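Each chain, letter by letter, is given below.
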Amino acid sequence: MPVWLNQLLPIVLLLAAIAVVMRRLPKIDLGHSEEFRRRRFFNWFPLGLTYAFLYMGRYNLSANAPELDALHLVSKHEFGNIDGWGSAVYGVAFLLNGPLTDRWGGRATILIAAGGSALMNVLLGVAVRLAQEGRLDHGAAITAMTVLFSANMYFQSFGAVSIVKVNAPWFHVRERGMLGGVFGILISLGLYFAYDWSRFIAKHLPMPWVFHVPALLLLGFLALDVFLIRDTPGQAGFRDFDTADASSGDTSERLGAIAVARRMFSQRVIWIIVAIEFCSGFLRNAVMKWYLIFADKTGLAGFVSAHWGVLLCIAGILGGVFAGFISDHVFDSRRGPVASVLYAGLVLGAVVVLFTLSFPIAGWTVVFMSLCVIGVHGMLSGTASMDFGGRKNAGVATGIIDGFVYLGTAAQSFLYASILPSGDAAKHPGNWMPWPAAMLPVALVGFALATRVWNARPERRAAAH
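What comes next is a walk through the structure. (Residues numbered from 1 in each chain as written. Predicted model: local features only at pLDDT ≥ 70, side-chain atom pairs only at ≥ 80, totals over all residues. Heavy atoms only, no water.)

### Thoughts on the overall build of the chain
Heads up, the condition is: Helix and strand assignments follow DSSP, with helices taken as H or I runs no shorter than four residues and strands as E runs no shorter than two, numbered in order from the N terminus. The rule is simple: take the accessible area with a 1.4 Å probe, protein chains only, and divide by the maximum for that residue type; under 20% is buried, over 50% is exposed, in between is partly exposed. In this analysis, two residues are considered to be in contact whenever any of their non-hydrogen atoms come within 4.5 Å of each other. Calculation of accessible area relied on Shrake-Rupley with a 1.4 Å probe; when residues are assessed, cover is drawn exclusively from the protein chains displayed.
Counting its secondary structure elements, the chain contains 17 helices and zero strands. Within the span of the chain, comprising 465 residues, buried residues form 59% of the whole. Looking at the chain alone, contacts between residues at least 24 apart form 87% of all its contacts between residues at least 6 apart. Element-wise, carbon and sulfur atoms account for 67% of the exposed surface of the chain, whose accessible area totals about 17,600 Å².

See the structure below:
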């Protein structure tokens, strides 16, 4: 059996098992016809795969950071700074891209995301090739990669905003917990594509193809999305319906971005959610982007690092489905209890890693932490943003929440680039103690905040007169 198929098989089997279990769960009957459900599937599925391949075109740099370092193209410190600037651009881009998504619709902006990211990945591949050939000196290459990766992240920032904007009119609040689980599955597949496919590509093709392959895939899905994706059921020939979110009963005109942001931040729960998601962004990327570098530098590479993409994918799928199930079927479609349970797991994981850095259990523990943080992210960025922003303002709402995720990502990138060991010091696991030590207080703060939104639900707007 080919290596790639051997790695993909457990994911396919897991997804099949989850599909069987989900079909046997008690249905939340909202009166949707089979024809509507079928058309909805062909709306969100290609949209979701586009988002997954956007992830491949986003994390391909971090997946190959050890290899780029070995080729003397990008050092650990330079990677941290490139990633930090890109994450910061993503974090503030919501100020523009959230309102644009609400104005233009999610279909238009997912096409912009796919096309823009494809172009930037092509140019990143060109920059790497020129650096390898010596036609671009090291400083110019790092500057070019920083600018191109930041531009890539600008286009990438349309991704989550678009997927939430499109899905909001198609899913009732009572259905969105499991939708959040699906959102986590898509993230997980994207991580698998990024960490395993792109590293496989790096082993068998020249390094620039790590960037060119995602670009080609994104262009293919861009063409598919043009024909399949519609922003609302009405545009696909079905009746639009009340989704019971924050836009329910609101018949007024769509508000401007500043008015939406003011409305959002007038709710105490939004302040808490964005703070939780800042912590989520820090923790998610502290695990995913630095474990491979840690394992490579310390010589502790083993089963977990060799199968990092598959394990992240399986963990994320389980975390997303678990979060969605308990939200809709245990906690009556509340998102706060789910975040609290998963953040408790993150606190436990950070403590275990802190005391087991030199042992294989540390690798398995960070996989468990990925399960928890992807579940939280799916619930809050992928679902709570729909609930509390409403279908009218889903773009700005998701932009605000997801923007804070990447501000947290930028914070950890710059922090770890400066405090983690380099050179010979990086070979000793004990010198990596700042890595889990920085995660622990962030996890504790996230847990404390999550308990504060235990009973939070979206407030419906009164109809305009």
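Read on, since the account is not over.
### Here's the deal with the side chain of Ser117
To keep it simple, the criterion reads: Definition of a polar contact: a pair of N or O atoms within 3.5 Å, with one able to donate and the other able to accept a hydrogen when the atoms are protein atoms, and with sequence-neighbouring residues admitted only if both atoms are side-chain atoms.
Note that Ser117 resides in helix 5 (residues 106-132). Among the polar contacts listed, one links the side chain of Ser117 to the side chain of Asn152, at a separation of 2.7 Å. Ignoring sequence-local partners within four residues, the contact set of Ser117 consists of Leu54, Gly57, Asn152, Phe155, Gln156 and Leu218.

### Points about the packing of aromatic side chains
The geometry of an aromatic ring pair is captured by the separation of the ring centres together with the interplanar angle, meaning the angle of the planes. Put simply, the rule reads: Any Phe, Tyr or Trp ring, taking Trp's six-membered ring, that has another such ring centre within 6.5 Å forms a pair; planes under 30 degrees apart are called stacked, those over 60 apart edge-to-face, and the others tilted. The criterion for a charge sitting over a ring is simple: Lys NZ or Arg CZ within 6 Å of the ring centre, and within 35 degrees of the ring normal.
Overall, the coordinates contain 28 aromatic pairs when judged by the stated rule. Here Trp44 and Phe45 contribute two aromatic rings whose centre-to-centre distance is 5.9 Å and whose plane-to-plane angle is 80°, an arrangement assigned as edge-to-face. Residue classification places Trp44 among the buried positions, given a relative accessible area of 18%. Among the aromatic residues, ring-to-ring pairing joins Phe53, Tyr192, Phe193, Trp197 and Phe221 into one connected group. Residue placement shows Arg40 over the ring face of Phe171; its charged tip is 4.1 Å from the ring centre.

### What about the packing of helix 5 against helix 6 (residues 138-167)?
Going by this rule: Only the contacting stretch of a helix is used when fitting its axis, a line to C-alpha atoms as for every element, and angles between N-to-C directions run 0 to 180 degrees. When describing relative orientation, an angle under 35 degrees is termed roughly parallel and one over 145 degrees roughly antiparallel, while 65 to 115 degrees is termed roughly perpendicular and anything else oblique. Helix crossings fall into two classes, left-handed where the near helix is turned counterclockwise from the far one by less than a right angle and right-handed where it is turned clockwise. By the convention adopted, Pro, Cys, Tyr, Trp, Phe, Met, Ile, Leu, Val and Ala count as nonpolar, Lys, Arg, Asp and Glu as charged, and the other residues, Gly among them, as polar.
The N-to-C vectors of helix 5 and helix 6 enclose an angle of 160°; their axes lie 8 Å apart at closest approach. Relative to helix 6, helix 5 is oriented roughly antiparallel. Crossing of helix 5 against helix 6: the hand is left-handed. Grouping the constituent residues of the contact of helix 5 with helix 6 by class yields 17 nonpolar, nine polar and two charged.

### Some remarks on empty space enclosed by the protein
If a probe as big as a water molecule is rolled over the atoms, it shows which places are left empty. Note the following rule: Definitions used throughout: a 1 Å grid over protein atoms alone; a cavity as a set of points that fits a 1.4 Å probe which cannot get out; a pocket as an open set with protein on both sides within 12 Å along at least five of seven lines; a lining residue as one with an atom within 4 Å of a point. Grid points are joined across faces, edges and corners, and a volume is the space filled by probe spheres set on the points.
All chains considered together, the criterion is met by five cavities of 30 Å³ or more. Of all the secondary structure elements, the ones that give two or more residues to the lining of the second largest cavity are helix 3 (65-70), helix 4 (76-104) and helix 11 (291-298). Class assignment for the residues of the lining of the second largest cavity results in five nonpolar, one polar and four charged.

### Re unusual backbone geometry
Backbone geometry at His72 places phi at a positive 60°, although glycine is not the residue there. Position of His72 relative to the elements: it lies in the loop between helix 3 and helix 4.

### Quick look at the pattern of salt bridges
Going by this rule: Any carboxyl oxygen of Asp or Glu that lies within 4 Å of a side-chain nitrogen of Lys or Arg is treated as forming a salt bridge with it.
Considering all chains together, one arrives at seven salt bridges under this definition. The residue Asp83 makes a salt bridge to Lys289 at a minimum N-O spacing of 2.5 Å. Residue Asp83 is located in helix 4, and its partner Lys289 is located in the loop between helix 10 (268-288) and helix 11; the two are separated by 206 residues in the primary sequence. Assigned by exposure class, Asp83 and Lys289 land together as buried.

### What about the nonpolar core?
Quick note on the threshold: Only buried residues count toward a nonpolar core. Its members are Ala, Val, Leu, Ile, Met, Phe, Trp, Tyr and Cys residues joined through side-chain atoms within 4.5 Å.
The biggest cluster of nonpolar side chains holds 124 residues, and the ones touching the most others in it are Leu191, Tyr195, Leu283, Trp308, Tyr416, Trp435 and Met439. If you tally residues by element for this core, the top one is helix 10, at twelve residues. When neighbours within four sequence positions are excluded, Trp308 is seen to be in contact with Tyr195, Asp196, Arg199, Val287, Met288, Tyr291, Leu292, Val366 and Val367. Counting residues in each nonpolar core, the second largest holds six residues, with Trp170, Phe171, Phe238 and Phe241 among its members.

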